Amino acid sequence: MLKKMKEFRKRHFYGTSAVAAIALMLFFVFFVPVYFAPIAVKLPCFSAYGLERVRNTIGAISTLTFVLIIVFPICYSDYKDFKAKKKLQRRTLLDYQKKYQYYVDLVQSILSKPEYKTIDLDETWVKDFDLYIQSLAQICKSSRFDFTDFDVASCLMCALMSVFSRTEKRSCSFAFECVRTLISEPKAYEISFLLGDEAVLETIYSYQKVELSALSSTYGNAWLLATLESCFYSKALRHSSTLTFVSDFFNMLYWRCYK
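What counts and what doesn't
Residues numbered from 1 in each chain as written. Predicted model: local features only at pLDDT ≥ 70, side-chain atom pairs only at ≥ 80, totals over all residues. Heavy atoms only, no water. pLDDT = per-residue confidence, 0-100. Helix = DSSP H or I, 4+ residues; strand = E, 2+ residues; numbered from the N terminus. Axes fitted to C-alpha atoms, helices over the stretch in contact; angles between N-to-C directions. Parallel < 35°, antiparallel > 145°, perpendicular 65-115°, else oblique. Left-handed = near helix turned anticlockwise from the far one by under 90°. Contact = heavy atoms within 4.5 Å. Nonpolar A, V, L, I, M, F, W, Y, C, P; charged D, E, K, R; others polar. Core = buried A, V, L, I, M, F, W, Y, C linked by side-chain atoms within 4.5 Å. Buried < 20%, exposed > 50% of the residue type's maximum accessible area, 1.4 Å probe, protein only. Phe/Tyr/Trp six-rings, centres within 6.5 Å; stacked < 30°, edge-to-face > 60°. Pairing = 2+ DSSP bridges.

Engineer: Honestly, the confidence of the model for the protein in this entry has me stumped. Any pointers?
Structural biologist: Where the model shows low pLDDT, its predicted coordinates should not be examined in detail. Predicted confidence across the protein gives a mean pLDDT of 76, with 59% of residues reaching 70 or more. At the low end of the mean pLDDT range in the protein sits helix α1 (residues 2–40), at 54; at the high end sits helix α4 (residues 101–111), at 95.

Engineer: Is there a simple way to think about the packing of helix α6 (residues 149–162) against helix α9 (residues 221–233) in this case?
Structural biologist: How two helices sit against one another is set out by the angle between their axes and by the gap between those axes. For the pair α6 and α9, interaxial distance at closest approach is 11 Å and the crossing angle is 70°. Put simply, α6 runs roughly perpendicular to α9. When the axes of α6 and α9 are compared, the crossing they make is right-handed. Contact with α6, carried on its side by M157, C158, M161 and S162, involves L228, E229, F232 and Y233 of α9 and no other residues of that element. For the contact of α6 with α9, a count of residues per class yields six nonpolar, one polar and one charged.

Engineer: So what exactly am I meant to see when it comes to the nonpolar core here?
Structural biologist: Within soluble globular proteins, side chains that are nonpolar tend to cluster in buried spots. Formed by 55 residues in total, the largest nonpolar core has its most connected members in W125, F129, F174 and F250. Those elements that place two or more of their residues in this core are α4, α5 (125–143), α6, α7 (171–184), β2 (187–193), α9 and α10 (239–257). Looking at this core element by element, the count peaks at ten residues for α6. In this structure F174 touches V107, I110, L111, Y116, I119, L121, L160 and F164, once residues within four positions along its chain are discounted.

Engineer: Would you mind showing me how to read the packing of aromatic side chains here?
Structural biologist: Centre distance and the angle of the planes are the two values used to describe a pair of aromatic rings. Enumeration over the complete set of coordinates arrives at 16 aromatic pairs. With a centroid separation of 5.6 Å and an interplanar angle of 50°, the aromatic rings of Y205 and Y207 are classed as tilted. Classification of Y205 by relative accessible area gives partly exposed; the value is 35%. Relative accessible area serves as the criterion here: at 21%, Y207 is assigned to the partly exposed category. For the pair Y207 and W255, a centre-to-centre distance of 6.2 Å together with 70° between the ring planes defines the contact as edge-to-face. In this pair, Y207 is assigned in the loop between β3 (199–206) and α8 (213–218) and W255 in helix α10, connecting sequence segments 48 residues apart.

Engineer: Help me understand the sheet that holds strand β1 (residues 147–148) in this model?
Structural biologist: Pairing between sheet strands relies on hydrogen bonds along the backbone, with the strands arranged either parallel or antiparallel. As summarised here, the arrangement of the three strands in space is β1-β2-β3, forming an open sheet in which the pairing is antiparallel. The sheet is open, and its two edges are formed by β1 and β3, each paired on a single side. Relative to β3, β2 is paired through seven bridges, and the arrangement is antiparallel. The partner of Y189 across the bridge, within β3, is T203.

Okay, here's the thing in structure tokens:
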């Protein structure tokens, strides 16, 4: 119930919530005492107190009920959400690496290849990866789009590119090599949000595996890398636009190889 109320407030912002809260407050504080006081005063146990005193007593009880049932649970939920966000902000690099251990291992396996061993990769890429995952998950959730490994690959690609200097000529090639597995064996995920709005992904189904080697003969690696690089460095695309564009691009590559 609280989760639904919280989502409702986020979706419709505070205007609708304020109107609903005022309506409930008027009902509890004014309507309940006015309606029930004349009934209660007729009872033998309350007849000696008088209508005004009974009305004030019911009004106080109604107000307390309103606070306990409506206001307190929402405030407490917001407080827990606030504490969770603060805790997330205090995460260390090691915390991020543990959370995304699979992707860290994937990147390290590519980094160990002879052609990429001399690349000096800034380990803080995993922080950007988390930021991009949270951002794109919010977009997919609000738009009711499936969140897939094409989205994950986009976030990983952009996170790796963000820590490279533009003078590093192998940056795009290395980043694309890291996401090839995700594109060729993609999964779809269900998104849920924990306290602090931390996105959690749960696999719901897997796509058929494809061979991306056909891309080289169809498009050529140079064209693929040039397209991705121009997208990442384009000033016309904003942060979220870049993520969604690259995700759609990976989606297209997959279906080009699908048989």
